[in-house]
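# Breakdown of the fold
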Amino acid sequence: MAEVAFLGICPNGGIDQLLAQNRTLRGTLSPVGCNVTVFPCAKNVVAHSKYKSLFDQDTTLSIYQWHDIPNVKLEFIKETFAIFTKLNKLNESEIDRELLTRTFEQYRHQINLMVNQTKNLSSSTFETYSMISSVWHMSEILFTNGANEPIGEKLMEWLNQHDAIDQNRVQLIANKKSERYTHPDFWPVLFNCTIRFDFAHAITMLKELPAYYTNEPNDDQNIPSVLINFMETIPRWSSFQTSAEYQSENTVWRERIQHQAQKLNQLGLDVEFFEEYLKVLCILYGDEETILSTSETWMESIAAIAFFSRPESSCYDIQGWFEFVEDKINRDSNYELMIESLLKFDITSALSQSVKVDGWLVSHLSDLLEKVIRFGNGMITMGTEWTEITNSDQKIKMRDWFLANYAIDLASNEELWMIALDYFALCGRYGRKLMETYVVRVPIEHAEKAIEYCDRMGMNEQAKSIHSILAHSYYKSNNYPEAISHYSMAGEHKRISIIVEKVFEEFRSTGDIAPVTQLMQSLPSNVADDKLIFLLHYCEFFENYQQKNFEAAAEKLILLITSNKSPDQFKINLILDALPLLLIESFVFKVEDTYELMRCLEDVLEIEEHKDLKKFELLRFALLKNLAKAIALNN
Amino acid sequence: MESFVAFNTKHQDLILDVAYNFYGNRLATCSADHKIKIWDSKSEPSSPDPSWSLSCSWKAHDASILKVTWGHPEFGQFIASCSLDRTVKIWEEPNQKNSNQWTLLQVISSDLFYVQDIQFTPSHLGLKLALVSSHGILRIYESTNVVNLSKWILVDEFEIFYTNSASSGSQKIHCLAWNPDRGQEAIAVGCGSVAKVYRKDVVGKWKECEVLSEGIDGASMMGSSGSLSRNVGGLVTDVAWANGMGRSYQLIATSNKNGFVRIYKLFDSSDSKPIAQPIQSSKTKIGSLKRQKKVELVAEFNEHNSEVWRVEWNVTGTILSSCGDDGSVRLWKASYLDGWKSMGVLKAESPPS
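The paragraphs below set out a description of the structure included in this document. (Residues numbered from 1 in each chain as written. Chains lettered and ligands numbered in written order. Predicted model: local features only at pLDDT ≥ 70, side-chain atom pairs only at ≥ 80, totals over all residues. Heavy atoms only, no water.)

## Quick look at the overall build of chain B
Along its length, chain B carries zero helices and 25 strands. Taking all 353 residues of chain B together, the buried fraction comes to 60%. Long-range pairs, those at least 24 residues apart, make up 49% of the contacts in chain B with a sequence separation of at least 6. Total accessible area on chain B is roughly 13600 Å²; 47% of this is exposed by carbon and sulfur atoms. (Helix = DSSP H or I, 4+ residues; strand = E, 2+ residues; numbered from the N terminus. Buried < 20%, exposed > 50% of the residue type's maximum accessible area, 1.4 Å probe, protein only. Contact = heavy atoms within 4.5 Å. Areas by Shrake-Rupley, 256 points an atom, 1.4 Å probe, with all protein chains shown as cover.)

## Side note on the pattern of salt bridges
Residues and elements named next belong to chain A. A complete count under the given rule lists 49 salt bridges over all chains for this structure. Residues R374 and E92 are paired through a salt bridge, measuring 2.8 Å at the closest nitrogen-oxygen approach. Of the two residues, R374 sits in helix 18 (residues 359-375) while E92 sits in the loop between helix 2 (71-88) and helix 3 (97-117), which places them 282 residues apart along the sequence. We note a salt bridge from K433 to E436, for which the minimum N-O separation is 3.8 Å. You can see K433 and its partner E436 sitting in helix 21 (residues 428-439), three residues apart, about one turn around the helix. (Salt bridge = Lys/Arg side-chain N within 4 Å of Asp/Glu carboxyl O.)

## Some remarks on the packing of helix 4 (residues 123-144) of chain A against helix 5 (residues 152-162) of chain A
Residues and elements named next belong to chain A. Across the interface, helix 4 lies against helix 5 with an axial gap of 10 Å and an inter-helix angle of 175 degrees. Judged by the inter-axis angle, helix 4 sits roughly antiparallel to helix 5. For the pair helix 4 and helix 5, contact is made by S130, S133, S134, H137, M138 and I141 and by K154, L155, E157, W158, Q161 and H162, respectively. Classifying every residue of the contact of helix 4 with helix 5 by side-chain character gives four nonpolar, six polar and two charged. (Axes fitted to C-alpha atoms, helices over the stretch in contact; angles between N-to-C directions. Parallel < 35°, antiparallel > 145°, perpendicular 65-115°, else oblique. Nonpolar A, V, L, I, M, F, W, Y, C, P; charged D, E, K, R; others polar.)

## Considering the side chain of E210 of chain B
Residues and elements named next belong to chain B. Looking at the element boundaries, E210 is found in strand 17 (residues 206-212). For E210, a relative accessible area of 0% puts it in the buried group. A distance of 3.0 Å separates a polar side-chain atom of E210 from the backbone nitrogen of K293. (Polar contact = N/O pair within 3.5 Å; in protein donor to acceptor, adjacent residues only side chain to side chain.)

## Quick notes on the environment of C282 of chain A
Residue and element names in this part refer to chain A. Tracing the sequence through the fold places C282 in helix 12 (residues 274-285). Judged by its relative accessible area of 24%, C282 falls in the partly exposed class. Once the C-alpha coordinates of C282 and A261 are considered, the two residues, 21 residues apart in sequence, prove to be 8.2 Å apart. Setting aside residues up to four positions removed in sequence, C282 forms contacts with D287 and T290.

## Observations regarding the sheet that holds strand 19 (residues 250-256) of chain B
Residue and element names in this part refer to chain B. An order of 18-19-20-21 is seen for the four strands of this open sheet, with the pairing classed as antiparallel. Bordering the open sheet on either side are strand 18 (236-241) and strand 21 (293-301), each of which pairs with just one other strand. Neighbour to neighbour, the strand axes of the sheet diverge by 25 degrees on average, direction disregarded. Sheet topology note: the strand 18/strand 19 ladder contains five bridges and is antiparallel. From the neighbouring strand, D238 faces strand 19, where its bridge partner is S255. (Pairing = 2+ DSSP bridges.)

## What about the side chain of T80 of chain A?
All names here are of chain A. As for its placement among the helices and strands, T80 is situated in helix 2. Assessed through its relative accessible area of 0%, T80 is described here as buried. Within the local environment of T80, its side chain forms a polar contact with the side chain of W360, the two groups lying 3.1 Å apart. Other than its neighbours up to four places away in sequence, T80 contacts Y107, Q110, W360 and Y423.

## What about the interface of chain A and chain B?
The partner chain B presents 87 residues to the 88 residues of chain A that form the contact. When the two sides are added together, the surface that chain A and chain B hide from each other amounts to roughly 7800 Å², 60% of it contributed by carbon and sulfur. Viewed at the interface, chain B and chain A are joined by five salt bridges. Between K43 of chain A and E307 of chain B there is a salt bridge, with its nearest N and O atoms 2.4 Å apart. Seen at the junction of chain A and chain B, the total is 23 residue pairs in polar contact (both at pLDDT 80 or more). The element best represented in the side of chain A that touches chain B is strand 3 (residues 35-42) of chain A, accounting for eight residues. In terms of residue class, the side of chain A that touches chain B is made up of 45 nonpolar, 24 polar and 19 charged. In this sheet, strand 1 (residues 3-8) of chain B lies alongside strand 4 (residues 60-65) of chain A in antiparallel orientation, the contact comprising six bridges. Within the sheet, the bridge partner assigned to I63 of chain A lies in strand 1 of chain B and is V5 of chain B. (Buried area = accessible area lost by both parts, 1.4 Å probe.)

## A look at the nonpolar core
Residues and elements named next belong to chain A. Of all hydrophobic cores here, the largest spans 161 residues; its most connected members are Y277, F308 and L343. With 10 residues, helix 19 (residues 398-411) is the single largest residue contributor to this core. Y487, L582, L605 and A622 belong to the second largest nonpolar core, which has 54 residues in total. (Core = buried A, V, L, I, M, F, W, Y, C linked by side-chain atoms within 4.5 Å.)

## A short note on unusual backbone geometry
Phi is positive for F273 of chain A, close to 65 degrees, though the residue is something other than glycine. Overall, F273 of chain A belongs to the buried group, its relative accessible area being 17%.

## Some details on the packing of aromatic side chains
A complete count under the given rule lists 44 aromatic pairs over all chains for this structure. With centroids separated by 5.8 Å and ring planes inclined at 40 degrees, the aromatic side chains of Y475 of chain A and Y480 of chain A adopt a geometry described as tilted. Both residues of the pair, Y475 of chain A and Y480 of chain A, belong to the buried class. Seen from their ring centres, F78 of chain B and F120 of chain B are 5.0 Å apart, and the 80 degrees between their planes marks the pair as edge-to-face. One end of the pair, F78 of chain B, is in strand 7 (residues 78-83); the other, F120 of chain B, is in strand 10 (residues 115-120), and 42 residues separate them in sequence. For F78 of chain B, a relative accessible area of 0% corresponds to the buried category. Feature note: the residues F76, F104, Y107, Y129, W136 and W360 of chain A constitute an aromatic cluster, connected by ring pairs. We note K344 of chain A situated over the ring of F322 of chain A; from NZ or CZ to the ring centre the distance is 4.9 Å. (Phe/Tyr/Trp six-rings, centres within 6.5 Å; stacked < 30°, edge-to-face > 60°. Lys NZ or Arg CZ within 6 Å of the ring centre and 35° of its normal.)

## Quick word on a negative patch on the surface
Residues and elements named next belong to chain A. Judged by side-chain charge, E448, E452, D455 and E482 come together as a negatively charged surface patch. Top contributing element to the negative patch by residue count: helix 22 (residues 447-457), with three residues. Here E482 shows up in helix 24 (residues 480-490). Take E482: its relative accessible area is 31%, and that puts it in the partly exposed class. (Patch = residues over 30% accessible without salt bridge, like charges linked within 9 Å, V, L, I, M, F, W, Y side chains within 5 Å. Lys, Arg positive; Asp, Glu negative; His and termini not counted. Charge placed at Lys NZ, Arg CZ, Asp CG, Glu CD.)

## Digging into the sheet that holds strand 1 of chain B
Taken in spatial order, the four strands make up an open sheet running 2(A)-3(A)-4(A)-1(B), and their pairing is antiparallel. In this open sheet, the two edge strands, each paired with only one partner strand, are strand 2 (23-29) of chain A together with strand 1 of chain B. On average, each strand axis in the sheet is inclined to that of its neighbour by 25 degrees, with strand direction left out of account.

## Regarding helix 22 of chain A
Residue and element names in this part refer to chain A. If you check which residues of helix 22 are buried, you get A447, A450, I451, Y453 and C454. In an axial view of helix 22, the angular spread of the buried residues amounts to 160 degrees, which keeps them on one side of the axis. The outward face of helix 22, more than 90 degrees from its buried face, is lined by the exposed residues E452, D455 and R456. G458, located one to two residues past helix 22, shows a positive phi value of around 70 degrees. (Arc of directions from axis to C-beta.)

## Section: the environment of P311 of chain A
Residue and element names in this part refer to chain A. By the element assignment, P311 lies in the loop between helix 14 (298-309) and helix 15 (322-325). Sequence separation between P311 and P150 is 161 residues; the distance between their C-alpha atoms is 6.5 Å. Every residue in contact with P311, bar those within four places of it in the chain, is listed here: P150, Y246, N250 and A306.

## Considering a nonpolar patch on the surface
On the surface, L583, L618 and F621 of chain A cluster together into a nonpolar patch covering about 330 Å² of accessible area. With relative accessibility at 54%, the residue L583 of chain A sits in the exposed group.

## As for the packing of helix 23 (residues 460-476) of chain A against helix 24 of chain A
All names here are of chain A. At a closest axis distance of 8 Å, the pairing of helix 23 and helix 24 adopts a crossing angle of 160 degrees. As judged from the angle between their axes, helix 23 and helix 24 are roughly antiparallel. Relative to helix 24, the crossing made by helix 23 is left-handed. Here K464, H467, S468, L470, A471, H472, Y474 and Y475 of helix 23 come into contact with helix 24, specifically with Y480, E482, A483, H486, Y487, M489 and A490. Within the contact of helix 23 with helix 24, the residues separate by chemical class into nine nonpolar, four polar and two charged. (Left-handed = near helix turned anticlockwise from the far one by under 90°.)

In structure tokens form, the structure reads like this:
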């Protein structure tokens with residue numbers, strides 16, 4: 001986030017006028033996203049009526065998002081997430097130095113793709129990714145290099161890739177039509193190319209000198225030709241099988257340079273560009289004083305010392321050279337401080353600096369470095385103490401903290417919330433808490449996926465909460481079967497009872513059995529509610545009746561009347577349901593059944609409002625007739 | 001990468017409060033024009049500029065509406081609002097689309113005083129609404145039916161004893177915040193120059209437990225140089241309780257009229273101090289327990305350098321926002337080693353030319 005963001009919602013005159021008009025500023029944080037809604041507000045609401053002027057800003061909401069994920073970054077996030085997950089889901093025994101080196105390269109490939117894609121975007125985005133690329137490459141060099149492997153060539157490669165020579169300067173000289181060597185920048189650029197091992201440009205420039213094309217190649221006066229020869233024959237560590245071979249060749253080569261320097265000294269100032277030639281020789285020889293005085297940046301100095309002066313140095317030797325370059329480091333530059341920290345193997349400091357640059361960088365770098373320390377078979381022997389640092393209370397590892405904070409920024413994005421949850425899952429106990437917090441806030445459109453995720457990760461409480469939310473949503477849209485299904489999954493049996501009660505009441509008032517049967521058909525088997533069980537049996541009674549299975553219907557009706565599960569207010573319905581069965585020709589109610597029906601009728605008639613209903617007279621008559629018939633049949 | 005979008009709500013007077021729903025994809029705004037408006041986010045996936053469209057707008061009260069707050073979606077789409085008309089109203093979104101207003105479920109009237117703050121409980125505590133009025137009575141209402149929200153009954157009521165500093169004048173400010181974590185039911189209340197934490201005891205009575213104060217209550221203190229100390233006029237204007245996130249301690253933030261934003265840590269300790277004397281209320285007899293948790297001030301910011309009116313935590317309790325009369329909204333972020341740093345400042349004015 002920018003340190004200060006100006007919203008431009010203040011009327012002319014600034015803050016004083018805001019206050020004079022009884023205003024202050026309010027902000028409300030979004031629960032999930034990285035945004036805050038800001039608006040002017042009355043300072044004293046009670047006295048607000050005295051201030052009647054209204055400004056446009058007063059009714060405007062300004063929503064400021066401090067972390068936004070542009071579309072161009074989505075692919076990068078997804079690809080690097082795939083690399084991260086693959087690494088973090090391996091067994092410890094499967095992680096070794098080779099794998100970690102490959103992982104570094106895979107990440108770097110994605111970063112470089114991003115650098116290319118952001119070239120035409122805002123300069124700050126491009127710069128950020130260029131910086132990430134540089135820091136990542138440096139980390140890769142330092143932490144995948146063998147502990148005793150010379151580092152010079154790799155540092156030089158890094159330097160030319162990420163801190164490239166200013167091509168404008170080179171071009172300036174190339175554009176000069178004639179006597180380019182007279183350009184005031186000619187020799188500084190040539191020195192720079194030499195220090196940076198950019199011998200192709202250096203050789204081209206040496207060939208511009210009069211001494212080169214006016215003398216024979218083997219002539220002692222043809223110093224440029226000699227320098228070109230040295231450049232073309234410089235021994236490279238990577239070209240030799242063994243250290244001994246390289247040392248032998250390098251010694252010979254350096255002796256030749258020394259010899260040439262002595263010859264040049266003898267020729268003295270008679271040679272045009274004597275001092276310049278000597279400087280080039282000193283650089284090639286690896287004279288540190290010359291390198292330090294000629295380098296334009298401290299990174300150049302370090303790389304050149306590693307390449308020319310101390311070609312057999314390992315990455316651990318570099319920190320001892322910082323006494324020569326400390327005063328050249330720009331302490332206001334996060335980038336330079338990061339590189340310095342990495343070269344010194346002060347990983348804690350490097351990570352602290354990278355936090356200020358980019359969340360992706362610090363999180364993935366800390367993850368990879370932690371594994372390099374644990375599984376890299378001694379790839380790093382210094383700067384390992386940061387993995388033991390945990391914060392005071394929750395004992396969160398630094399790596400978990402950085403990754404979790406990175407994932408928090410992803411959580412509000414519609415395409416990335418699942419990725420965020422998966423990151424949380426790999427961030428220890430702290431990540432687990434974040435996962436539990438965020439999964440319930442996944443937008444309702446993705447609720448089913450969120451539930452699946454909860455089930456997979458054993459987040460029972462969160463799954464229940466999402467089920468409850470879904471259930472209520474279905475309930476409000478009158479989709480009771482779905483509502484009950486989800487409330488059942490949520491363990492909310494009381495709410496199921498409430499819905500059943502509602503359906504029951506609707507049935508009582510309308511007599512329409514269809515919603516009840518629909519509800520019964522879609523009920524999950526584990527739902528146990530008295531009213532529900534009652535309704536289940538009632539539906540069976542109704543079905544039997546419709547299918548003219550009158551004996552079964554009668555049996556079910558008696559069961560309903562005699563069970564404890566019949567709600568009192570429904571008894572009138574039950575007893576009236578008996579009437580058509582009493583009036584059919586076939587005999588379905590036995591003596592005991594008839595007595596039960598009579599008892600039920602008496603209970604119903606106890607209720608004052610029912611005493612005058614004429615239908616009960618018919619029922620009473622039917623019951624008596626059935627009783628007589630039943631007794632006669634018994635006898 | 002930052003982005004910024006603004007839209008005119010077309011309220012006819014100042015907006016007094018804005019609240020996001022649980023998912024952050026709906027907004028409720030309330031205003032001095034007596035209206036509430038509901039806004040839905042219409043962003044396409046991955047769109048950098050979420051646009052907001054008006055879903056509903058209606059005249060909700062007969063005076064300025066001070067606050068609006070959303071309930072948990074487990075119980076539906078509903079809000080509560082409080083107003084200078086001395087009522088609190090609970091509204092539910094109607095089933096039919098394109099309705100011109102939300103359904104009024106309940107009106108809670110106060111006799112002489114208006115409600116200054118309202119908040120629904122976290123969902124694991126059921127469906128309750130706490131409200132604190134300008135005369136220092138905290139009431140808790142509960143819905144009798146969590147599926148059908150049309151009936152709410154008063155379940156708890158107690159008086160908050162105001163701790164005042166001398167020069168604060170007659171204005172009394174009350175604010176509240178529920179403990180969002182599972183465990184003991186607790187509520188933090190700003191009352192005067194301190195914030196207090198009330199917890200329910202084993203028999204279900206609310207007891208004052210901890211007091212969050214940086215210094216001596218109620219006194220104005222002149223330093224030796226004659227300058228006012230930070231306790232003067234230090235009315236607590238807002239209180240916010242952070243999600244625990246597995247921490248062994250709780251974090252509560254307060255904003256103060258004397259310009260300070262404070263973060264307190266509450267944690268279990270064996271050496272709790274008892275409060276000296278019981279506090280009696282005319283309405284409900286409540287006593288003070290031994291403080292159950294130890295209170296420690298872990299961060300204090302005065303960068304606003306002016307009255308601070310609002311504090312709010314993000315959902316993970318790692319970012320705190322504060323708003324003040326310096327015309328800025330400030331964000332504070334927890335760092336890895338438990339420190340707090342400024343994350344950024346949003347200023348009302350235009351960028352300097």
